[in-house]
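Residue strings, one per chain:
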Amino acid sequence: MHESHQIVSITPGGSLRGETEVPGDKSISHRAVMFGALAKGTTRVHRFLPGQDCLSTIDCFRKLGVSIEMPGPTEVLVHGKGLKGLQEPADILDVGNSGTTLRLITGILSGQSFFSVLTGDGSIRRRPMARVTKPLIEMGAAIRGREGANKAPLAIYGTERPLKAIHYQSPVASAQVKSAILLAGLFADGKTRVTEPLLSRDHTERMLSSFGAKLNRLDQGLTTEIESFPSLNGQEIEVPGDISSAAFLLVAASIVPGSELTLRNIGINPTRDGILDVLREMGANLHVENERLVAGEPVADITVQSASLKGTTVGGSIIPRLIDELPIIAVAALFAEGTTIIKDAAELRVKETDRIAVLAEELRKLGVTVEETPDGMIIPGNQQIQGGTVDSHGDHRIAMSLAVAGLLAADETVIHDAASIDVSFPGFAATLQSLRN
Ligand SMILES: O=C(O)C1=C[C@@H](OP(=O)(O)O)[C@@H](O)[C@H](O)C1
Ligand SMILES: C=C(OP(=O)(O)O)C(=O)O
């Protein structure tokens, strides 16, 4: 295997054995910087994910006047400015490839008195933003953008008055939407509420509470209420390993015969661990041990041994619990006995790429059959991958999914545009290589 800036090539053969950690959780790393910036005092973040997306968050908050140090590659010190301490940026804020940065920061900036402009890369400028700008405008934010504030660049005019507290019924189960509204709610004139149709990841709720925000979670967590203008205080945050990154190794070890891997310190927040349920349902050999709570997030060590998998159906309320893992689940399905159906996952079409179309297109180039549906895929099992040349379309999760598929190909698999892997899992190719025998 060889990793250059743009190309990863995978030579099939061997098994995966050993023990490793994976980089820190992306969702939690973003939030640690954002909430640290809004708190009084210093927030220390350990095992921060130094991936491109989280570095974009740091860059944006530095431009908003926050001093952020990185004393080590995964150690971050955020010198918070307090709820009212952000400053008007002298330039456009560039979120790069990060939807989480753009949507959450739009919530925060809606409550400021100054002007700001947000943009990002080509992929970000195609992603739908009305899902956050519409409710934020309802709260009194002045936001303009392309296609009626649905596409970045977005300009946020700022307001001297507090925002209007609303109860927003979100049509989509999205932690980014929920978080943007809760963050705007910090700057509102009363209690802001968000209700979502299905439970999405709850890192914002957990971490904001630990900073001192007053949150109430109702209807089994589907509704969250936040009080405005709390006093937030800097925290010490230990970021768990990202289960979305671990997922690539869990699937790789499950499908490559003779493998056994132990992944230490992985976040298993119940709003994120749908991949474990699906792999178990498919017959994977997983052991979750040493469960503990670290900085308000459940963490464990996971051991996986290869197993013969069987096809399954993935849909309904589990989808938000594994939304970013669906591409790698589709790869696992190729090697399972029987057909796998992924449904209720139309959200995949508005991620970094249209992950349904792109994955189906690229997997076909490797010689397999995958049927696209409007909201998912139908994947026949027991397929033989040929190998060949594929393209990630600049999407980190597609790049890593194709790399894992290549482990069981007949020939070499070459993945172009693979630098995107650094968005969420810097060192992925080296980690995979170090585990191969
Ligand atoms: O809040 C977050 O940190 C994220 C939420 C999810 O997006 P949606 O909120 O759009 O579902 C997920 O796909 C993304 O990788 C990270
Ligand atoms: C969808 C993702 O991230 P974001 O929305 O933050 O770009 C992802 O990491 O798979």
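Residues numbered from 1 in each chain as written. Chains lettered and ligands numbered in written order. Predicted model: local features only at pLDDT ≥ 70, side-chain atom pairs only at ≥ 80, totals over all residues. Heavy atoms only, no water.

This part covers the overall build of the protein. A count of helical and extended segments in the protein gives 13 helices and 24 strands. Taking 22 Å as the expected radius of gyration for a compact globule of 437 residues, we find that the protein reaches 21 Å, a close match to that expectation. C-alpha extents for the protein along the principal axes are approximately 65 × 40 × 40 Å. The buried share of the protein, taken over its 437 residues, is 60%. Look at the contacts in the protein between residues 6 or more apart in sequence, and 75% of them connect residues 24 or more apart. When the accessible area of the protein is evaluated, it comes to approximately 15,000 Å², of which 48% is carbon and sulfur surface. Treating the 42 positive side-chain charges of the protein as one cloud and the 51 negative ones as another, the clouds have centres 5 Å apart. (Helix = DSSP H or I, 4+ residues; strand = E, 2+ residues; numbered from the N terminus. Rg over C-alpha atoms; globule rule 2.2 N^0.38 Å. Buried < 20%, exposed > 50% of the residue type's maximum accessible area, 1.4 Å probe, protein only. Contact = heavy atoms within 4.5 Å. Areas by Shrake-Rupley, 256 points an atom, 1.4 Å probe, with all protein chains shown as cover. Lys, Arg positive; Asp, Glu negative; His and termini not counted. Charge placed at Lys NZ, Arg CZ, Asp CG, Glu CD.)

So, on to the site of ligand 2. As a structural note, the neighbourhood of ligand 2 is formed by 13 residues, with Lys 26, Gly 99, Thr 100, Arg 127 and Arg 397 the closest of them. Take Arg 127: an N or O atom from its side chain is 2.8 Å from an oxygen atom of ligand 2. One of the side-chain nitrogen or oxygen atoms of Glu 352 is found 3.2 Å away from an oxygen atom of ligand 2. Calculation on ligand 2 without its partners gives an accessible area of 300 Å², and the protein chains cover 98% of this total. Taken together, the elements giving at least two residues each to the shell around ligand 2 come down to helix H3 (99–110) and helix H12 (396–406). Here the shell around ligand 2 is built from residues that sort into no nonpolar, six polar and seven charged. Each of domain 1 (2–24 + 240–435) and domain 2 (26–238) contributes no fewer than three residues to the shell around ligand 2. (Near = heavy atom within 4 Å. Polar contact = N/O pair within 3.5 Å; in protein donor to acceptor, adjacent residues only side chain to side chain. Nonpolar A, V, L, I, M, F, W, Y, C, P; charged D, E, K, R; others polar. Domains from an automatic or database assignment.)

Now for the sheet that holds strand S21 (residues 371–373). Spatially, S19-S20-S22-S21 is the arrangement adopted by the four strands of the open sheet, whose pairing is mixed. Among the strands making up the open sheet, the edge pair consists of strand S19 (313–314) and S21. (Pairing = 2+ DSSP bridges.)

The sites that UniProt annotates as "binding site: phosphoenolpyruvate" (unreviewed entry) are Lys 26, Gly 99, Arg 127, Gln 176, Arg 355 and Arg 397. Among the residues examined, Lys 26 registers a relative accessible area of 9% and is labelled buried. Residues contacting Lys 26, with those up to four places away along its chain left out, are Leu 49, Asp 53, Cys 54, Thr 100, Asp 242, His 396, Arg 397, Val 423 and Ser 424. As for its placement among the helices and strands, Arg 127 is situated in the loop between strand S8 (116–119) and helix H4 (130–138). Here Arg 127 falls in the buried class, since its relative accessible area comes to 4%. For Arg 127, the residues in contact, after removing those within four places along its chain, are Asn 97, Gly 99, Arg 103, Asn 150, Lys 151, Val 350, Lys 351 and Glu 352. (UniProt positions renumbered as here; feature names shortened; annotations may be inferred.)

This part covers the site of ligand 1. All residues in the neighbourhood of ligand 1 are listed as Lys 26, Ser 27, Arg 31, Thr 100, Arg 103, Ser 174, Ala 175, Gln 176, Arg 201, Ile 323, Asp 324 and Lys 351. In the model, an oxygen atom of ligand 1 is placed 2.7 Å from a nitrogen or oxygen of the Ser 27 side chain. The contact in question runs from an oxygen atom of ligand 1 to an N or O atom on the backbone of Ala 175, over 3.0 Å. Out of a free accessible area of 390 Å², ligand 1 has 94% covered by protein chains. Among the secondary structure elements, those contributing two or more residues to the shell around ligand 1 are helix H1 (26–38), H3 and helix H6 (175–185).

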